[in-house]
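Analysis of the macromolecular model
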Amino acid sequence: MTRRFDLSRLLRPRSIAVIGGKPAAEVIRQSRRMGFAGEIWPVHPQHDTVEGLPAFGSVAELPGAPDAVFLGINRHAAIEVTAALAERGAGGAVCYASGFAETGGEGADLQARLVAAAGAMPVLGPNCYGVINYLDGALLWPDQHGGQRVERGVALVTQSSNIAINLTMQRRGLPIAYVATLGNQAVAGLAEMVEAFLDDPRVTAIGLHIEGLAEPVALARAAARARRQGVPILALKTGRSAEGAQLTLSHTASLAGADAVTDAFLRRIGVVRVASLPVLLEALKLLHVAGPLPGRDIASMSCSGGEAALIADAALGTGLRFRPLDAAQTARVAATVSELVTVSNPFDYHTFIWADAPAMTETFSAVMAAEFDLTLLVLDLPRGDRCSDADWVPSLEALVAASQRTGRKAALVASLPEGLPEDQAQRLVGAGVAPLLGIDDALAAIAAAAEAGDIRDEANVLPLEPVPLAPGPVRTLSEWESKRRLAGYGVMVPEGRLARSPDEAVEAAETIGFPVVLKATGADLAHKTELGAVRLNLADAAAVRDAALALAGLGEALLVERMVGGAVAELIVGIGRDKLLGLHLVLGSGGTLVELVGDRRILLLPAGRAEITAAIRSLKIAKLLDGHRGRPPGDLDAAVDAVLRVQGFALAQSDRLAELDVNPLIVTPHGAVAADVLLRLVEDPDDR
C-alpha cells in the first residue's frame, strides 16, 4: 500500500515549531512539563521571546525545517503559513483554527485552500487540538491533559478534541502512548494515523472514536495491516441516531454513514465496535495486558455469593460462558478451601481464607489450572480516605501470584468503578493482571477482547472499493423482467407465464399446473400486496378467471406462476447502496415479517459462503430452518446458493444497480425460490 502521508516526524519529532499566541505558548509549557528532549522554536513577529525561548519572526528565519509545527493562528493566516512550511520541508503541522468546512460556505473554500497549501506535507485538522506522544514527551497540545510518560501503551484517536482531553483524565490504570485529534481530516485522516501508530512497536492496541468516515478503503487497508502485526483496533462510532448523524456532519463535515452499514464495514475490516467510552477504555486495558482472548470461557471468583450471582446475571447476552469445572478440576479446587464451600463457576470461595495470601494463591491457582480463557476475581477495595485496605491487598497479591504461577490470563473486576484506586490499578497492569472497573463494562470489554481474538483467527476479505452509480434515469423493472434477469444468474424463480386477459391467464395456469399465483405486474406495482394485486393458491380455472377479472386494470399484464409449496421459512435478500460504503447485502426475516420483526443482518460485498451462512443462522427465523416442532428443516445450502447468486448479479451490475429486493425467498426442504423481486436499474442505452 502506498501511504499518502508519512506522519513519523510529526508524531515523533526532534524539533517543534510553535506559531501564534496563547495556544502556542501552552504547547511549549506542556512539552517541557512532559520532558521533551528536542528543540522548541517559537515563531512570533512581535515578541523577542516566548516562554523564555528566543522567538523567530517567520518560518523563513527558523534554523531548519521543523519536524512538527503547531499553528495557533487564525484560519486565514494558517493557510499562508502552511504553504511556507510545506515549501520549507516541515515534517507536518497541527491546524488548531476552526471555521473551515464544518461551517460550510466560505469555510469549505478555505479548507480547500488549506489542502492545496499543504501539498505533500501532512496536516492534522483543521479544527483540532493536535497530538500527544506520551512515549517521548512530545506534545503539540494547547491545553491541560491528564496523562504521564509511559514506555508502552495504547493509542487513542478521536475527531473531538474535548473527548480527547476527557480520555487523558482517566484514572483506570490504562497506559496511553498517544492521543491524536483529527478534526475535519482535511489532509491527513484516520487511516494515516492508524498506519503511523503501527510504525511504533511500543503501541499495544488502538482505540478509535469515530464521528465520520472520510476514506473507508484506506482505513480497511490500515486495519488489515494492524491484523497482520497483531495490533487490535477498537472503535466507538457515533451517529447511531438521526440526531447524532446530523451533529456529526455539522461538527466535522464528514459523513456518518448508515449505522448498520458502518457496523458491517467495521466488522469486515477487523475493527471491534464497542458501545461506550468506558467500555472502550476497559477493553483497551485488557488488550494491552492480555492481548486478544482465544475464546469466551471465563471463570469468576469472589468471596461473596451476592457478587457471584451479580456477575452471572450480568453475563447474560454477552456471549461469555461460565464453563463448569469437571470432576477432577472441582476436586483440585475443593482441596484448597473449607469443606463448607461449594465449588462452582462463578465461584464463591467464602471468607475462610480471607487476608491469607498463600491460601488464596493455592485456591486461585487451582481455578486457573482449569485453563479458562480469562479468570476473574471480583473485588472492591475500601475507600482510602476513611478505611484501610490492608486486609484486601492480600487478595490482589494472590491473584498476581496465581496468574504468574499458572501462566493463565487474569483480571481483577471491581463491581463499581470507584472500587479500585488508580495506584492499585497501575500496579496490577505492571504485574500483568488487567484491572477492570464496573461489572457490566468489564464483561463488555471481555467480549470485545474475545471478538478481537476471533478477528485474529478469521480470513480477512477486504470490502470492495465503492462503485458510484452511473448517471442516467433509474428504471423500475416489472416483476417478470426482474425475475428473468436473476434467473440468468442461476437464481431459482417459479415457473410462470405472462397473460393479457382472463382467458390467457386460465390457459397459462392449465399449462403450468394448479395451484397457481396470479399477480398484476408492471413497473408501477413495486408493492403488490399492499395494493391487493396478488391472489394466492388458486386451485382451478374458475378461481383463476375470477381473480383475473378482479385484477383487471391494475397493471400492464397478469403474471401467472406456480404456487411455491412446502415453505419452511421466508427470507428477504436485498442489495442496498450506501453513498459512502457502497453496495451491501441485506439478509433478514422476509415476507410480512420484514417490518414486524425488524430482524436483519448486513454484510459488505463480497460476502463468502461461511459469512452468509452465519448471518442467516443468527436470524430469529433460523429456528424454522432447523426444523421447528417436528416440521422438516429448510434447505439452508440452497438458500445460501441463492444469496450468492443474487450477489453475483449485483456485482456484475454494480454501477447500474439502484435497488434490489428478493422478498420473499421461500426456503423449502429441497430448494429456495425467489417468489417476488423488486429491481431498479439505471437505464442502459443499449437496452432501449
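The structure displayed is predicted, hence computed values, not measured ones. (Residues numbered from 1 in each chain as written. Predicted model: local features only at pLDDT ≥ 70, side-chain atom pairs only at ≥ 80, totals over all residues. Heavy atoms only, no water.)

Some details on the overall build of the protein chain
- On a plain count of helices and strands, the protein chain comes out with 23 helices and 30 strands.
- Dimensions along the principal axes, computed over C-alpha positions, put the protein chain at roughly 95 × 80 × 40 Å.
- Buried positions account for 55% of the 688 residues belonging to the protein chain.
- Considering only contacts in the protein chain between residues 6 or more positions apart, those separated by 24 or more positions represent 71%.
- Summed over all atoms, the accessible surface of the protein chain reaches about 28,000 Å², with 51% contributed by carbon and sulfur.
- In the protein chain, which carries 63 positive and 80 negative side-chain charges, the distance between the mean positions of the two groups comes to 2 Å. (Helix = DSSP H or I, 4+ residues; strand = E, 2+ residues; numbered from the N terminus. Buried < 20%, exposed > 50% of the residue type's maximum accessible area, 1.4 Å probe, protein only. Contact = heavy atoms within 4.5 Å. Areas by Shrake-Rupley, 256 points an atom, 1.4 Å probe, with all protein chains shown as cover. Lys, Arg positive; Asp, Glu negative; His and termini not counted. Charge placed at Lys NZ, Arg CZ, Asp CG, Glu CD.)

Quick word on helix α7 (residues 216–229)
- The end-to-end C-alpha distance of α7 is 20 Å, a good match for the 20 Å that 14 residues give at a rise of 1.5 Å each.
- Three or more residues of α7 are buried, namely P216, A218, L219, A220, A222, A223, A224, R225 and A226.
- Tucked inside the fold, the buried residues of α7 contact α6 (190–198), β13 (233–237) and α9 (259–269).
- At the exit of α7 stands G230, carrying a positive phi of roughly 75°. (Expected span 1.5 Å × (residues − 1).)

Quick notes on the sheet that holds strand β14 (residues 272–274)
- If you walk across this open sheet you meet the seven strands as β9-β8-β11-β10-β12-β13-β14, and the pairing is mixed. The two strands at the open ends of the sheet, each matched to only one other strand, are β9 (138–140) and β14. Between one strand axis and the next, the sheet turns by 15° as a mean value, whatever way the strands run.
- Across three bridges, the pairing between strand β8 (residues 131–133) and strand β11 (residues 176–181) is antiparallel. For V131, the partnering residue across the bridge sits in β11 and is A180. (Pairing = 2+ DSSP bridges. Axes fitted to C-alpha atoms, helices over the stretch in contact; angles between N-to-C directions.)

With respect to the environment of D457
- Here D457 is to be found in helix α16 (residues 439–457).
- Using a relative accessible area of 57% as the deciding quantity, one classes D457 as exposed.
- Through-space distance from the C-alpha of D457 to that of V123 is 36 Å; in sequence the pair is 334 residues apart.

Here's the deal with the packing of helix α3 (residues 75–88) against helix α4 (residues 106–118)
- As a packed pair, α3 and α4 sit with axes 8 Å apart at the nearest point and diverge in direction by 15°. In terms of axis orientation, α3 runs roughly parallel to α4. The interaxial crossing formed by α3 with α4 has left-handed handedness. Contacts between α3 and α4 involve R75, H76, A78, I79, T82, A83 and A86 from the first element and E106, G107, L110, R113, L114, A117 and A118 from the second.
- Looking at the contact of α3 with α4, its residues break down into eight nonpolar, three polar and three charged. (Parallel < 35°, antiparallel > 145°, perpendicular 65-115°, else oblique. Left-handed = near helix turned anticlockwise from the far one by under 90°. Nonpolar A, V, L, I, M, F, W, Y, C, P; charged D, E, K, R; others polar.)

So, the side chain of Q647
- Here Q647 is to be found in helix α23 (residues 636–652).
- Q647 has contacts with L605, P606 and A607, leaving out every residue within four places of it along the chain.

With respect to the packing of aromatic side chains
- Tallied over the full model, the rule gives eight aromatic pairs.
- When the centroid spacing of 5.4 Å and the interplanar angle of 75° are considered together, the rings of Y129 and W141 count as edge-to-face. With a gap of twelve residues between them, Y129 in the loop between β7 (123–124) and β8 and W141 in the loop between β9 and β10 (153–158) connect regions that are remote in the sequence.
- With a centroid separation of 5.4 Å and an interplanar angle of 85°, the aromatic rings of W354 and W392 are classed as edge-to-face. (Phe/Tyr/Trp six-rings, centres within 6.5 Å; stacked < 30°, edge-to-face > 60°.)

Considerations on unusual backbone geometry
- The omega torsion across N345 and P346 is 5°, close enough to zero to call that bond cis.
- Among the structural elements, P346 can be located in the loop between α12 (327–334) and β16 (347–348).
- Residues other than glycine seldom take positive phi values, yet Q185 does so here, at roughly 55°.
- Mapping Q185 onto the fold places it in the loop between β11 and α6.
- You will see that E371, though not glycine, has its phi angle at about 60°, which is positive.
- Within the fold, E371 resides in the loop between α13 (357–368) and β17 (374–378).

Some remarks on the pattern of salt bridges
- Scanning the entire structure with this criterion turns up 35 salt bridges.
- Between R12 and D200 there is a salt bridge; the shortest N-O distance is 3.9 Å. With R12 in the loop between α1 (8–11) and β1 (15–20) and D200 in the loop between α6 and β12 (203–210), the pair connects residues that are 188 residues apart, well separated along the chain.
- Among the residues examined, R12 registers a relative accessible area of 24% and is labelled partly exposed.
- Three or more residues joined by partner-sharing salt bridges are found here, namely R12, D136, D200 and R202. (Salt bridge = Lys/Arg side-chain N within 4 Å of Asp/Glu carboxyl O.)

Some points on the environment of E611
- With respect to the helices, strands and loops of the structure, E611 is situated in helix α21 (residues 609–617).
- Residue classification places E611 among the partly exposed positions, given a relative accessible area of 27%.
- With 29 residues separating them in the primary sequence, E611 and V640 have C-alpha atoms 9.8 Å apart.

Focus on the nonpolar core
- Formed by 142 residues in total, the largest nonpolar core has its most connected members in F197, I206 and I446.
- Of all the elements, α16 adds the most residues to this core, at eleven residues.
- Excluding its chain neighbours within four sequence positions, the residues that come into contact with I206 are A155, V194, F197, L198, V231, P232, I233, L234 and L284.
- Counting 39 residues, the second-largest nonpolar core is a separate cluster that includes A569, L625, V640 and V677. (Core = buried A, V, L, I, M, F, W, Y, C linked by side-chain atoms within 4.5 Å.)

A look at the state of the cysteines
- Scanning the model with the defined rule gives zero disulfides in all.
- Here C387 is not cross-linked by a disulfide; its sulfur's nearest cysteine counterpart is in C303, at 15 Å. (Disulfide = S-S within 2.5 Å.)

Focus: the pairing of strand β5 (residues 68–72)
- Across the five residues of β5, five count as buried, placing the element largely inside the fold.
- Both faces of β5 are covered, namely the face carrying A68, F70 and G72 and the face carrying V69 and L71.
- The pairing of β1 with β5 spans five bridges and is parallel. When the sheet's bridge partners are listed, I16 is paired in β5 with A68.
- The sheet contact formed by β5 and strand β6 (residues 93–95) spans three bridges and is parallel. Residue pairing in the sheet places L71 in a bridge with C95 of β6.
- Following the chain from β5 across α3 to the adjacent parallel β6, one finds a crossover that is right-handed. (Right-handed = clockwise from strand over helix to strand, strands pointing away.)

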